[in-house]
Amino acid sequence: MEITVTSFTKAKKRWRFACFAIYSHRVMLSLAREIMSRRKCNDSEISCSHSYTALDIELVGPDRPTPMIATVPLVPSTDHPKLIKLVKEKDLTALRQLGGVEGVASSLGTEKDRGISGDVSGVTMRRDMFGSNTYKKPPPKGLLHFVMDAFKDTTILILLVCAGLSLGFGMKENGVKEGWYEGGSIFVAVFLVIAVSAFSNFRQETQFDKLSKISNNIKVNVVRDARPQPISIFDVVVGDVVSLTIGDQIPADGLFLDGHSLQIDESSMTGESEHVEIDLDQNPFLFSGSKVVDGCAQMLVVSVGMNTAWGEMMSSISEDSNERTPLQARLDKLTSSIGKVGLAVAFLVLIVLLVRYFTGNTEDENGNKEYNGSKTSTDDILNAVIRIVAAAVTIVVVAIPEGLPLAVTLTLAYSMKRMMADQAMVRKLSACETMGSATIICTDKTGTLTLNKMKVTQFWLGEESIEKDYYNKIAPNVNKLFHQAVGLNTTGSVFMPSPGSEPEISGSPTEKAILSWAFNTLDMQMEEIKKKYTILHVETFNSEKKRSGVLINEKGDATMYVHWKGAAEMILAMCSTYHQIDGVIQHMDDAARSNLEKIIQGMAASSLRCIAFAYKQAIDGEFQCNEKGKKMLQGDGLTLLGIVGIKDPCRPGVKNAVKACTLAGVAIKMITGDNAFTAKAIATECGILGPDIENHGIEVVEGSEFRNYTHEERMQKVDQIRVMARSSPFDKLLMVQCLKQKGHVVAVTGDGTNDAPALKEADIGLSMGIQGTEVAKGSSDIIILDDNFTSLVTVLRWGRCVYNNIQKFIQFQLTVNVAALVINFIAAVSAGEVPLTAVQLLWVNLIMDTLGALALATERPSDELMEKSPVGRTEPLITNVMWRNLLAQALYQITILLTLQFRGESIFSVRAEVNDTLIFNTFVLCQVFNEFNSRSLEKQNVFKGIHRNHLFLAIIGITIVLQVIMVEFLKKFADTERLNWGQWVACILLAAASWPISWVVKLIPVSSKPLFSYIKMSRLGFTRTMQNIFRRKPSSSILSNTCQNA
C-alpha cells in the first residue's frame, strides 16, 4: 500500500479520475478522517491549485472487489456555500476554475455514469452535511387562530356585550348565586357555538395542509450505484444525478451533466416566458422549481432545500386555503340576502318590544307592569332593554344562515378526503363542484382507458411477419441496426443488477415494452451498445411530431447514422426503401407502400399501437434548420427497418364506467395520438363507439381533419365526434374551446406537457398521477392517482354528491330560518314577547348550523345521482322541488308552534313556563325529524342507506341526548321546565308528523322552470305593456273626432 499526495489541478485531472476508479471502501474512511481534520483547521477555500487530499490507493485485481462509489464528498460543508453562490449567480468563470461540471462532480464524490452510493449511511451523511431538500414554511394556523377569528363576527360580539351586561345587572339584582344564570347561559351558549365553528375550520385547515404535502411529494428519477430509481423529491441530496425528461420539475439547484436539446421554463422563478437553452459550455445552470419543456438530460445536484433560490422564495410564502369556489360565492350572496331579511325582522321585533315595554303593555312574572314611568328604577329599565336587545340580536343570529358556508367547507373537505381514498386528489376546490355539472369528458386512451401495461405482440420486417422462432434468421447487419435503433434512440434504460438476473427496465410504458422485446428476442445488450457508439444529436419525442430521432456514429468509425422511431404511418411516409429479413434493401414502390399501409391498418384494427423504425446513413453536416434556426435531423429518404405492434389491453370495468356516464347524460369523447384504426378498435371495445360505426363516419375524425374545418363546420360537427385520432395538443385545445362555446361543461384528461393549455382551458382539468408530467399536474384541477377512467367516473359521482349535499342543507336550514323568523315576529307583535329565549335560539342555531351541516354534508354518493342529467351552469341553487319541500315544512312548523303559543296553556292545562318549554322542545324535535326529510329532495323513502351513514345517526343521537339534558336538567341555564312523559310524547308526535307530510308533499309535481322566472316574466310583461301604452300614437279617427268636437 502506498500513499500518494496529488494536487487537484486542471492539468492532472486525468490522474484524479484514475484515482477515483480504483480506490476501495477503506479509502473512504481515510477521506472522512481527512475531511474532519480539515474542518478543525477551518480551511474553507475551494481552490483547484491549492487544495490537497490524501488518497489511500489499492490496485484492483482479480482477487480484489470492484471499487465502490464514494460515500463521502470531498467538499466540506464549510465550502459548500461557495458552490451554492456559484450556481445562483451563474458564474461560468468560477465554474471553469473548479474544473467545470466534472470537477464539481468529483469534489462532491459523484461519478457521472454511476451517481452516488445508495448506501443509507452515505446518503444520511450527505443530508446532514448539506441539508435536506425541504423548505421551512410558516407554521400552520392553530386552533386558537380560528377561535379568535370567530370572535370577529359582529353578531357574536353584540351577544357577548349583552351577556356581559345581563350578567352584571342580574348579579346586582339577584345576587351572585342566582343572578348569573341568564348572562352566564348566553356566555356558555356563545362560546359553544364559537368552539364548534373554530374546531370545524381548524379540521378543514389541517386537511388542506395534508393534501398540500401529498401534492408536493413528487417522484424524481435519480441514479445511485449505476441503478436508475425513483425517489421522493424530499430524499434528493447534494451530489445526486437526476434524470430529466419533458414535463419534469427540476427538484433542486444544480448543473447540467449530460443531455440533448434541453430547454427550461424558468417563468416561475424569473417571470420570463421565453424558454432557456441549457448546454454544458455556455449555460449549465439549472434551478429548482423550473420545468423541462423539451429535451432530456442528467443534472448534478449542487444545493437543496433552503439553499436553493426556490427554497428561499417558498419559505416566505404561505399557502392560502381560503379559496372561494363558485358555489361558495353564490352561497355568500344567498346568506347576505337572507341576513338582510333577518335583520329587518329583528329590527321590527326590537321596535315592537321596546314600544310595548315603554307603553306599559308588558308584565313581569307576578302580573305587574314592568314599566311604571319614573317609579321604575334605572337598573330595571336597563336590564329589560338589554333582554330585549339580546332577543333581537339572537333572532339575527338564527336568521343569518352562517351554516351555509360551513356546510360547503365541510362537504368539500369531506369529499376531498374520500376522493383521495378513491384515487383522486383535488388541487382546486372549485373542481369538486364543477365536476358535478360536467356534460362532456374528453379522455385520453393510453393508461386511462387502457391498462398501460404494454407488450410487443407483433413484429414485421419489410412485408414479412416475424414469429418468435424466426428471429434467428434475421441478417446480422439488420440485427445490428435494430440494436442501434432501440438502444440509442430511447429515453429508457436497462440495468442488470447481476449477471444472469432479470433486467430492471425503466422509462415510459412504450419504451419499456420495446426495450424488453429487444433485450429478450434480439439479444440487445444496452451497456455494450452505449460503450460502442457516440450520440451526436438527439431530437426528443413530443406529441406534435410523434417521432424521435438520433444521430450516432460508432467509436473509431467516421460513418454516421440517423435513426428515427415513431408513429408507423408517419415513419413510413418518410421512407423510400425497406429492409428484408435477409438484409437486402428493396425499393418501396407504390404496391409495396400500399401493402405496408394495409399491414399497419390491420395491426391497428387489432387494437395494437404501431411503432416503426427507420434509418439512413448520414453525411457530415446533413442538418436542416427550422424557423428559429435550430438544427434538425433530416427525415427523408429513409430505409424502413421494421414495425412492431404493441398491445395495451383495456382496463377492466371501463365499459361499465362509460355506460354509467352515458346514462348520467355525460358524453365521452376519446382524444388520442394513435391512428384512426387503433382508436376505433379501442373505442368500440370500451363502448364509446357502437358496433355500427361504419354508418356514422363523422363519429371518428383525425386531428388534421378537425383542424382544417372552418369554424362553422367545427361548431356543427363537434357534438357528433366521439373519437379524435392522431390529435395534437392544439387539436385537443380547439375541441375544448368549441365545446365550451356550445355551452358544455367540459372535463379534460391530460398527461403531457403540451396538454397544459387544454387542461387550463377546460372547466375541469384532470391530470394523470402515474404518467402525467409535473407540468400537466400543475395545470390541472384534479389528479387521477391511478390513471384509471373508473376513478374519473368516481370523481363525477362525488362532484354531483357535493352539489346535492349542499342543496339538502340549504333546504333544511331555510326551513328553520323561515319558521323561526315568522314565529318570533308574530309572537312579538301580538303578545309582546318572543317564545324562545336567547339561549334556546342559540341552541337551535348550533343544531342547524354546525351539527346539521355535519349530518347532511357528509352523505356519500348514491347510484341515484348518476340517473339524473347534469346540473346546468345557470340552474338556480334553490330549485322548485326545494321550495315545495321547505315551504310545506315551514308552514307546518309555524302552524303548530303558533297554536302552542296562543292555545298551548289551555290545550295542555299547563303554566306559561311549561308551555314555553313545550314550544322550544317541539321546535327542536321538528328540526331533528326534518333532517331525515332533507336526506332526499325528491325520493319519498328518506331512510334508504341511512345505516351506512354512521355520522348522521351519531349526530341525531347526540342532538336528542343534549335536548333531553337541556329540558330536564338545565332548568336555570336554558330557562326550561321539566316535562312529563305525556308531554314528551306529544312533542315527539307533533314533530314526527313532518314525515307523512313530507311523503305526501313529494307527490305534488312541480314545474322544472325556475320559480323566480315567472316573476321576472310577469314583471317584464307588465313593463312592456306600460311602455306600449305610453308610446302608442293617437289614431287618425281619434284625431278627426277631436277636430270635429273642437
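Scroll up to find the structure this text is about.
Okay, so let's go over this structure. (Residues numbered from 1 in each chain as written. Predicted model: local features only at pLDDT ≥ 70, side-chain atom pairs only at ≥ 80, totals over all residues. Heavy atoms only, no water.)

1. What about the overall build of the protein?
Using the following cut-off: Helix and strand labels come from DSSP, where a helix needs a run of H or I of at least four residues and a strand needs a run of E of at least two; each type is numbered from the N terminus. Throughout, exposure labels follow a simple rule: accessible area from a 1.4 Å probe, protein chains only, divided by the maximum for the residue type, with under 20% read as buried, over 50% as exposed, and the rest as partly exposed. Contacts are residue-level and defined by heavy atoms, with any inter-residue pair within 4.5 Å sufficient. For the area figures, the Shrake-Rupley method with a 1.4 Å probe applies, and any residue is considered shielded solely by the protein chains shown.
Along the protein, the regular secondary structure elements total 37 helices and 30 strands. Of all 1046 residues assigned to the protein, the portion counted as buried reaches 52%. Here the contacts in the protein between residues at least 6 apart in sequence split such that 74% fall between residues at least 24 apart. Accessible surface computed for the protein: about 47900 Å², of which carbon and sulfur atoms make up 56%.

2. Examining helix α25 (residues 729-741)
To keep things clear, this is the line we draw: Residue count minus one, scaled by 1.5 Å, sets the expected span of a helix.
Spanning 13 residues, α25 covers 19 Å between terminal C-alpha atoms, matching the ideal 18 Å at 1.5 Å per step. Looking only at α25, the buried set comprises Pro 729, Asp 731, Lys 732, Leu 733, Leu 734, Met 735, Val 736, Cys 738 and Leu 739.

3. Some words on the nonpolar core
Side chains of nonpolar character tend, in soluble globular proteins, to be buried together. Note the threshold: Grouping buried Ala, Val, Leu, Ile, Met, Phe, Trp, Tyr and Cys residues that are joined through side-chain atoms within 4.5 Å yields what is termed a nonpolar core.
By size, the foremost hydrophobic cluster in this structure holds 79 residues, and its most contacted members are Phe 920 and Phe 923. No other element matches the 14 residues that helix α29 (residues 838-857) contributes to this core. Phe 923 has contacts with Val 816, Ala 819, Ala 820, Ile 823, Leu 836, Val 844, Gln 893 and Leu 897, leaving out every residue within four places of it along the chain. Membership of the second largest hydrophobic core comes to 65 residues, among which are Leu 334, Ile 338, Met 435 and Val 745.

4. Side note on the environment of Met 306
Within the element layout of this structure, Met 306 appears in the loop between β9 (291-303) and α11 (309-315). With relative accessibility at 27%, the residue Met 306 sits in the partly exposed group. Sequence spacing of Met 306 and Asn 133 is 173 residues, and the spatial spacing of their C-alpha atoms is 7.4 Å.

5. Overview of the packing of aromatic side chains
For the record, the criterion: Only Phe, Tyr and Trp rings are paired, with Trp represented by its six-membered ring, and only when their centres lie within 6.5 Å; those with planes under 30 degrees apart are stacked, over 60 edge-to-face, the remainder tilted. In our convention, an over-ring charge means Lys NZ or Arg CZ found within 6 Å of a ring centre and within 35 degrees of that ring's normal.
All chains considered together, the criterion is met by 17 aromatic pairs. Taken together, a centroid distance of 5.0 Å and an interplanar angle of 85° make the contact between Phe 943 and Trp 995 edge-to-face. Residue Phe 943 is located in the loop between α31 (912-933) and α32 (950-968), and its partner Trp 995 is located in helix α35 (residues 994-1001); the two are separated by 52 residues in the primary sequence. For Phe 943, a relative accessible area of 37% gives the class partly exposed. Connected via pairs of aromatic rings, a cluster forms that spans Phe 459, Tyr 471, Phe 482, Trp 517 and Phe 613. Over the ring of Trp 564 we find Arg 547, and its NZ or CZ is 5.3 Å from the ring centre.

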